[in-house]
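Residue strings, one per chain:
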Amino acid sequence: MTYQSLLLAVIEDWSFFQKAPPESIERDVLSSLPSLEADLATVIQGVRRCGKSTLLAQIMTRRNLPRDRCFFINFEDPRLSDSLDPNLLDAIVSFANSRVSGDEPRYFFLDEIQAVKDWEKWLRVQLDRAQND
């Protein structure tokens, strides 16, 4: 399996392109989250098993985001364990750009991002680029 086909499989397995997110109890915190902007990253933190991943799916649903432009990736997926570096993040963005045409926004839901080496630096560069465009 090539790197690109592996990445495609992981993204399609975690994203909700073909299926709706599972039913869940809506979290009260949803109404207090900031709006989604190109030059803003929202970080959701909490102890393990407190519902962070569920909240990510609820954000997509509650904000009526188009599912085909929402890219969910769980970096604890064992298929990614040999690739947890900024190159993987670049590949995810490239994949999203190949699926979404023009200037339509893309939404990235990066679950367990702390598993990716230097993700903070990578994100800072992405946000700086968005502000300069």
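(A) How the structure looks around the overall build of the protein chain. In terms of regular secondary structure, the protein chain is built from four helices and two strands. Computed over the C-alpha atoms, the radius of gyration of the protein chain is 15 Å, within 12% of the 14 Å expected from 2.2 N^0.38 for a compact globule of 133 residues. Each of the 133 residues in the protein chain was classed as buried or not, and the buried ones make up 34%. The long-range fraction of contacts in the protein chain, counting pairs at least 24 apart against all pairs at least 6 apart in sequence, stands at 79%. Carbon together with sulfur atoms contributes 50% to the accessible area of the protein chain, which is approximately 8,600 Å² in total. Once the 16 positive and 21 negative side-chain charges of the protein chain are each reduced to a mean point, those two points are 3 Å apart.

(B) Examining the packing of aromatic side chains more closely. For the structure on display, the rule yields five aromatic pairs. A centroid spacing of 4.9 Å and a plane angle of 80° characterise the contact between F16 and F72, whose relative ring orientation is edge-to-face. Placement of the pair is F16 in the loop between α1 (3-14) and α2 (52-62) and F72 in strand β1 (residues 70-74), with a sequence separation of 56 residues. Both residues of the pair, F16 and F72, count as buried. Considering the side-chain rings of F72 and F109, the 4.4 Å spacing of their centres and the 10° angle between planes classify their relative orientation as stacked. Of this pair, F72 sits in strand β1 while F109 sits in strand β2 (residues 107-111), placing them 37 residues apart in sequence. A relative accessible area of 7% means that F72 is categorised as buried.

(C) Structural context of the environment of E23. When you line up the elements, E23 lands in the loop between α1 and α2. Given a relative accessible area of 80%, E23 falls into the exposed group. As a C-alpha pair, E23 and D90 span 67 residues in sequence and 31 Å in three-dimensional space.

(D) Quick look at the pattern of salt bridges. Evaluation of the coordinates by the stated rule reveals seven salt bridges. D118 is the partner of K117 in a salt bridge, and the nearest nitrogen-oxygen pair spans 3.0 Å. On the basis of relative accessible area, D118 is assigned to the partly exposed category, the value being 28%. Look at the salt bridges and you will find they share partners, linking D13, D77 and R79 into a network.

(E) Structural view of unusual backbone geometry. Located in the positive-phi region is N64, a residue other than glycine, with phi close to 55°. Structurally, N64 is set in the loop between α2 and β1. Take N64: its relative accessible area is 67%, and that puts it in the exposed class. Non-glycine residue D118 carries a positive phi angle of around 60°. One can find D118 in the loop between β2 and α4 (119-132).

Cut-offs used in this document
- Residues numbered from 1 in each chain as written.
- Predicted model: local features only at pLDDT ≥ 70, side-chain atom pairs only at ≥ 80, totals over all residues.
- Heavy atoms only, no water.
- Helix = DSSP H or I, 4+ residues; strand = E, 2+ residues; numbered from the N terminus.
- Rg over C-alpha atoms; globule rule 2.2 N^0.38 Å.
- Buried < 20%, exposed > 50% of the residue type's maximum accessible area, 1.4 Å probe, protein only.
- Contact = heavy atoms within 4.5 Å.
- Areas by Shrake-Rupley, 256 points an atom, 1.4 Å probe, with all protein chains shown as cover.
- Lys, Arg positive; Asp, Glu negative; His and termini not counted.
- Charge placed at Lys NZ, Arg CZ, Asp CG, Glu CD.
- Phe/Tyr/Trp six-rings, centres within 6.5 Å; stacked < 30°, edge-to-face > 60°.
- Salt bridge = Lys/Arg side-chain N within 4 Å of Asp/Glu carboxyl O.

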